[in-house]
Amino acid sequence: MMKRQTVLEYLREREELMQERICPYCEAHLDPGEKCTCRASQGLAEYTYRVVKEDVVTGERGKRVRKITKRNPLDVGGLYMHLGKGFKGAYRVLEFVGME
Ligand SMILES: [Zn+2]
């Protein structure tokens, strides 16, 4: 049996489906699940990582894992100084979370 829906609901649903397949930045048509690379190629992408404070001398790591978003990609496993405001000392990059 067909699900009943109003014309408005039908149109809204269709619109949502269409939106998912078009990049909001460059309007390129994308395959389902595909992510456009236009932001990255323009240097506008932001990369999010999970990082943890690490003592450069002892190698001891802090307990609190934090998230950081950067304009430039970081190396997972790398140790960085001066990652940003509020990130005093050295931080180890644990994991890549995603690109926006
Ligand atoms: Zn795009």
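Here the structure is a predicted model, which is why all the values come from computation and not from measurement.

A. Inspection of the overall build of the chain at higher detail. Regarding its fold elements, the chain presents two helices and four strands. Scanning the chain from its N terminus toward the C terminus, one meets helices and strands in the order α-α-β-β-β-β. For 100 residues, the compact-globule estimate of 2.2 N^0.38 gives 13 Å, and the C-alpha radius of gyration of the chain, at 20 Å, exceeds that figure by more than 25%. In terms of principal-axis extent, the alpha carbons of the chain reach across some 65 × 35 × 20 Å. The buried share among the 100 residues of the chain stands at 4%. Sequence separation of 24 or more characterises 43% of the internal contacts of the chain that already satisfy a separation of 6 or more.

B. Highlighting the domain arrangement of the chain. Domain boundaries in the chain define domain 1 (7-40) and domain 2 (46-99). The gap between the C-alpha centroids of domain 1 and domain 2 is 33 Å.

C. View of the sheet that holds strand β2 (residues 61-70). Spatially, four strands are ordered β2-β1-β4-β3 in an open sheet, and the strand pairing comes out antiparallel. What marks the edges here is a single partner per strand, and that holds for β2 and β3 (79-81). Strand-to-strand, the axes of this sheet are offset by a mean angle of 40°, without reference to chain direction. Examined bridge by bridge, β3 and strand β4 (residues 90-99) share three bridges and lie antiparallel to one another.

D. Representation of the pairing of β4 in the model. In this structure, strand β1 (residues 47-54) lies alongside β4, joined through eight bridges in antiparallel fashion. In the sheet register, T48 faces β4, and the bridge partner there is G98.

E. Main features of the environment of G43. By the secondary structure assignment, G43 is in the loop between α2 (38-41) and β1. Here G43 falls in the exposed class, since 8 other C-beta atoms lie within 10 Å of it. Residues G43 and N72, 29 residues apart in the sequence, show an inter-C-alpha distance of 8.0 Å.

About the cut-offs
Throughout, a residue's number is its position along its own chain's written sequence, starting from 1. In keeping with the predicted nature of the model, local features appear solely for residues at pLDDT of at least 70, side-chain atom pairs appear and are counted solely at 80 or more, and the whole-chain, interface and lining totals rest on all residues. Starting at the N terminus, helices and strands are each numbered in turn, a helix being any DSSP run of H or I of at least four residues and a strand any DSSP run of E of at least two. As defined in this context, the radius of gyration uses C-alpha atoms, and a globule is described by 2.2 Å times the residue total to the power 0.38. Any residue surrounded by 20 or more other C-beta atoms within 10 Å of its C-beta is treated as buried, while 12 or fewer makes it exposed and the intermediate range makes it partly exposed; C-beta atoms here are placed from the backbone. It is the C-beta atoms, placed from the backbone, that decide contacts: two residues are in contact if theirs lie within 7 Å. Domain start and stop positions are those given by an automatic or database domain assignment. Strands qualify as paired when DSSP identifies two bridges or more between them. Note on definitions: angles span 0 to 180 degrees between N-to-C directions of axes, and those axes are lines fitted to C-alpha atoms, for helices only across the stretch in contact.

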